[in-house]
Amino acid sequence: MKSKIGIVFLFFIVVVYLFNTYIQNLKQKDIDNILTLKTESLKVSTRAILDTYYSVTKKFYFDITHNDEIMEMLKRFKTSSENEKKILRGKLYRKLYKEYKLLQELSVYQFHFHTFDGKSLLRFDQPYLNGDALIDFRKSIKNAVINHKETIGLEAGRVYSGFRYVFPILSKDKGYLGSVEFSISFDALKYKLISNLNLIDAKFIIKKSESYDKVFKHLRALFSKSIIDDDYYIERVSYKQKDIFIKIIKELKKQYNIKKLLSQQKNFSLPIIYDGNGYSLTFLDMKNTSGESIGYIVAFDEFERLLDINKKYSFLFEIGILILMMLFALIIVVLYQFDKLKSDTKKLQKLIDLQESIVILTDGNKFEYANKSFLEFFGYETFEEFLKEHNCICEYFEDKDDFFSLDKIKQGEKNWIESLLNIPLKQRVVYIKDKDGIAHMFNVNISKYDNETYIVSFNDISDTIREKYQLQKQVVKDKLTDVYNRSYFESNIHKLIKFYKSEDLKLGIIFFDIDFFKSVNDTYGHDVGDYVLKTLADIVKNNIRKTDKLIRWGGEEFIVIASVNNLEELYILAEHLRNKVQDFRFDKVEKITCSFGLAIHKDDIDIYKTVKLADKNLYMAKQSGRNKVIS
Amino acid sequence: MYKLFLILILFLTLNAKEITYRFAPLPTKNIEQNIKEFLPIHVYMKEKYGINIKYVKLKNYKDILNGFKNNTIDIAYLGPLPFVTLYNEYKQIEPILMIKQKNGNAKYRCVLAKFKVDNIDFSKKIKVALTQPLSTCGYYMSSILLKKKFNKDLKDEYYNYEMSHTKALISVVEGRYDMAGAKEDIAKKFDSLGVEIIAYSDYLPGFSIVVNKNTISKKQIRKLQKIFLNFTDEELKKIGGIVSRGIVKTSVDDYKSLNIKMKIPQKGNINEE
């Protein structure tokens, strides 16, 4: 039992595991659908913002390249001395600083002119910082110098990294004068994303190699390690970062391998529940102008539906577990009951096996068990062998008078058990032949074991019945002639009447006695007299039908009870007997005759009156000369 | 300088329980810049000695003065003029350590600078860009230099506060002002933009760590001074941050040369926009 419970428990654990996996998969699918939408929204919104900036910066670029004064300054810058360049730089700043302020209001944080040979000409955000070579650091500037092409995209720089729009500046004669760059502040992008998408916060994290390692050393302090991952830095870090953001990042790190996710350089979104609220962090992969992933936009957003989804699937899981537990309990109970039943049945079978009589367990239709005595009786090794050939012990019940058989099952009775239970105990006797064909008679005892099973024991009462029959035989038979006596007549005549009637036959009485029997006794003695009586009985027995009954009525008087259709048939039978007796040669006595009186019994009169009528006819036969049949 | 100060505070309280000092950095710089300059020494002090620094963000020198008076500030990092100005009003403050300039000098100069190609017409009122009212190189030294070099009284000219040296110099490049008063080293950075220095001051005492004697005992102050001055330049560089420039001892005497009797206007006299 314990091992069974163990197996069921293991099965339960496996089912719970599978169920949980299934629920988690469903839940994850729901969450993923929403997170995918969030990622797409972030992607589209970012693209829309950057495209808008492209239009804005392109307009500024157009204005610059169509301003003759500026173009002249840039042209002169190519050939001026160092001192003249300083003046030109100052003048350029003076010319465009108002535009720069406007750009700042539009969150374009860097407005930067580059020289024709790829050096910094003028940074409007840090105008005193110039002259440094950029061509080897910045592919966008290299593209402008070499190919005179514009470059749009994310790029690391010596001061900041940013989303850049770099446009080449060409004179009217197509001479290359340098380039101008507009960089979008990540803060601008961040605030616009926060505003457009109603985010809690947004960050831009950029690889160390593309930020901290590339900027001027004295500006490295403007970068700080991102709390999201050590390999990523964040610009213009505010020391007043939202506490909730920091806490959630810490929690996320416990739950996810963020470093690994970042290394995959793909967009991803992570859900998290913190302090009873749902949040999501969406990471949008940002590539530089060479198509390399160099950072992520991280959108920190509320995700209230996460709680609903969690609640929904937690509820489903709990309900599922409850059902499984109930099922588990039910299985245990069933197993226990089954085990108990099996144990009880085994005990019962053991007990049954100990019984000498045949005992079976059955519901009346299905045969469930039989003891060893049963198998020995029918000559089977195992119960299964028996079942291959038979369905029921009742198949062996033989149809005999005074014995129960399947033919005796009445209408409305479900089976032989019910039928047996409906008859008195004394009559629950069946007649069965054993493996050797020897007949046995059993008294059937039926006890209810449970709602469906009966214990049926077959007690062999063959000897008792045989003794009874013997006794009965002794009582109803004449000792001398071994034919029925008057007691038999009295006990059975009504049954016979009933039987003949049911067969639509008539009961005929042949009353006969030996003519001058007294003289036989007187002449030859009683032994010869007895011999004559016995021999006469044999002659008659041999000349009547098996269904006919010969009865010694008293002294030398006999009665034959015969079934006939009419008196003529009875007369023929009597005449036949008279002739047989007349023709027989007895020892010593030689020859005797008998006189016969006949009568046909009528239903409405007493049988004894019929006998009397036959006796009267016998008297008539005697009176008319003996050895005659009078009807 | 701040780092030095923090270390000083740390050693002062070595045998004491964890202590928190309320520190007011330069109001002319934003809080983030200040924190970045002092963060290395802050972290070092906290990890090594359990001394914590609480940054008190104040908008101007007046607030710092009030902070000292109300005993809500223990330490401040101040330029020479602000110190002298505050000292004249409240004698319970004392400069204990001077942090060197980036160029390694403990002292510095103020200058007047202009865009090279601009011709200033001194026959008319000129426009001068200034840093902050209590900045040494602001109204105070600019008025001295203007008088000395061009015989002009600043109070009679146009002036306005741009609130930082860099902004004052940029305003000159932009053409909004004829000249700007600023620190020499900052003005020199603008050489590449055609900015030239047209007047130099004498060397002035530098920025210093100033303590509130009402909230820090004399014994603690002297002990801190001793400990920090025992640091070698290499040790200070190793600590990093602003103290890596180097530290020298200072006192009220170093600031006596400054004439703080001048009345410094708190607002400019032009409405540029």
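Just above, that's the structure.
Residues numbered from 1 in each chain as written. Chains lettered and ligands numbered in written order. Predicted model: local features only at pLDDT ≥ 70, side-chain atom pairs only at ≥ 80, totals over all residues. Heavy atoms only, no water.

Trainee: Give a detailed account of the overall build of chain B, specifying residues and quantitative values.
Mentor: If you tally the helices and strands in chain B, you get nine helices and 11 strands. Restricting the contact set of chain B to residue pairs at least 6 apart, pairs at least 24 apart contribute 80%. (Helix = DSSP H or I, 4+ residues; strand = E, 2+ residues; numbered from the N terminus. Contact = heavy atoms within 4.5 Å.)

Trainee: Give me the lowdown on the interface of chain A and chain B, citing residues and values where you can.
Mentor: In this complex, chain A contributes 19 residues to the contact, which on the side of chain B involves 21 residues. Buried area between chain A and chain B, both sides added, is near 1,800 Å², and the carbon and sulfur share of it is 61%. Across the chain A-chain B interface, the total number found is three salt bridges. Between arginine 94 of chain A and aspartate 118 of chain B there is a salt bridge, and its shortest N-O distance comes to 2.7 Å. Counting every contact that joins chain A to chain B gives seven residue pairs in polar contact (both at pLDDT 80 or more). For the side of chain A that touches chain B, the leading source of residues is helix H3 (residues 82–105) of chain A, giving 10 residues. (Buried area = accessible area lost by both parts, 1.4 Å probe. Salt bridge = Lys/Arg side-chain N within 4 Å of Asp/Glu carboxyl O. Polar contact = N/O pair within 3.5 Å; in protein donor to acceptor, adjacent residues only side chain to side chain.)

Trainee: Which residues make up the environment of tyrosine 165 of chain A, and what values go with them?
Mentor: Residues and elements named next belong to chain A. Residue position: tyrosine 165 is located in strand S4 (residues 162–170). With relative accessibility at 0%, the residue tyrosine 165 sits in the buried group. The residues contacting tyrosine 165, other than those within four sequence positions of it, are Leu50, Tyr53, Tyr54, Thr57, Thr151, Ile152, Val180, Glu181, Phe182 and Ile184. Within the structure, the side chain of tyrosine 165 is placed 2.5 Å from the backbone oxygen of leucine 50, a separation counted as a polar contact. (Buried < 20%, exposed > 50% of the residue type's maximum accessible area, 1.4 Å probe, protein only.)

Trainee: Tell me about helix H15 (residues 526–543) of chain A, and name the residues and values.
Mentor: All names here are of chain A. A rise of 1.5 Å per residue sets the reference length of H15, with its 18 residues, at 26 Å; its end C-alpha atoms lie 26 Å apart and thus fit the reference within 8%. Of all the residues in H15, the buried ones are Val528, Gly529, Val532, Leu533, Thr535, Leu536, Ala537, Ile539, Val540 and Asn543. Close packing links the buried residues of H15 with strand S17 (506–514), helix H14 (517–524), strand S18 (549–554), strand S19 (557–564), helix H16 (567–583) and strand S20 (594–600). (Expected span 1.5 Å × (residues − 1).)

Trainee: Summarise the sheet that holds strand S13 (residues 367–370) of chain A; cite the residues concerned and give the values.
Mentor: Residues and elements named next belong to chain A. Reading across from one edge, S13-S12-S16-S15-S14 is the order of the five strands in this open sheet, with antiparallel pairing throughout. Since the sheet does not close on itself, it has two edges, and those belong to S13 and strand S14 (429–433), each with one partner. Put simply, the sheet's adjacent strands are angled 30° from each other on average, direction ignored. Sheet topology places strand S12 (residues 358–362) next to S13; three bridges connect them, and they run antiparallel. Paired with leucine 361 across the bridge in S13 is tyrosine 369. With respect to the sheet, helix H8 (residues 304–354) is in contact with S12, S13 and strand S16 (454–460), its orientation differing from that of S13 by roughly 55°. Together, S14, strand S15 (439–448) and S16 form the strand contacts of helix H12 (residues 462–476), whose direction differs from that of S15 by roughly 125°. (Pairing = 2+ DSSP bridges. Axes fitted to C-alpha atoms, helices over the stretch in contact; angles between N-to-C directions.)

Trainee: Got a sec to walk through the state of the cysteines? Specific residues and values, please.
Mentor: This structure, assessed with the given rule, holds two disulfides over all chains. Note that cysteine 392 of chain A is cross-linked by a disulfide to cysteine 394 of chain A, the S-S spacing being 2.3 Å. Between cysteine 392 of chain A and cysteine 394 of chain A the disulfide shows an S-S torsion of about 135°. By sign, it is right-handed. Exposure class is identical for cysteine 392 of chain A and cysteine 394 of chain A. Each is buried. Linked covalently through their sulfurs, cysteine 110 of chain B and cysteine 137 of chain B form a disulfide whose S-S length is 1.9 Å. Handedness of the cysteine 110 of chain B-cysteine 137 of chain B disulfide follows from its S-S torsion of about -80°: it is left-handed. With a gap of 27 residues between them, cysteine 110 of chain B in strand S5 (residues 110–115) and cysteine 137 of chain B in helix H5 (residues 136–150) connect regions that are remote in the sequence. (Disulfide = S-S within 2.5 Å.)

Trainee: Run through the packing of helix H13 (residues 486–502) of chain A against helix H17 (residues 607–623) of chain A, naming residues and quoting values.
Mentor: All names here are of chain A. Contact pair H13 / H17: the axes reach a minimum separation of 11 Å and the direction vectors enclose 100°. When the axis of H13 is compared with that of H17, the two are roughly perpendicular. Residues Phe489, Glu490, Ile493, His494 and Ile497 of H13 lie in contact with H17, whose contacting residues are Ile607, Tyr608 and Val611. Classifying every residue of the contact of H13 with H17 by side-chain character gives six nonpolar, one polar and one charged. (Parallel < 35°, antiparallel > 145°, perpendicular 65-115°, else oblique. Nonpolar A, V, L, I, M, F, W, Y, C, P; charged D, E, K, R; others polar.)

Trainee: Describe unusual backbone geometry, naming the residues involved and giving the relevant values.
Mentor: Residues and elements named next belong to chain A. The phi torsion at glutamine 265 lies on the positive side, around 55°, for a residue other than glycine. With respect to the helices, strands and loops of the structure, glutamine 265 is situated in the loop between helix H7 (258–263) and strand S9 (268–274). Judged by its relative accessible area of 33%, glutamine 265 is partly exposed. The backbone phi angle of lysine 588 is positive, close to 60°, even though this residue is not glycine.

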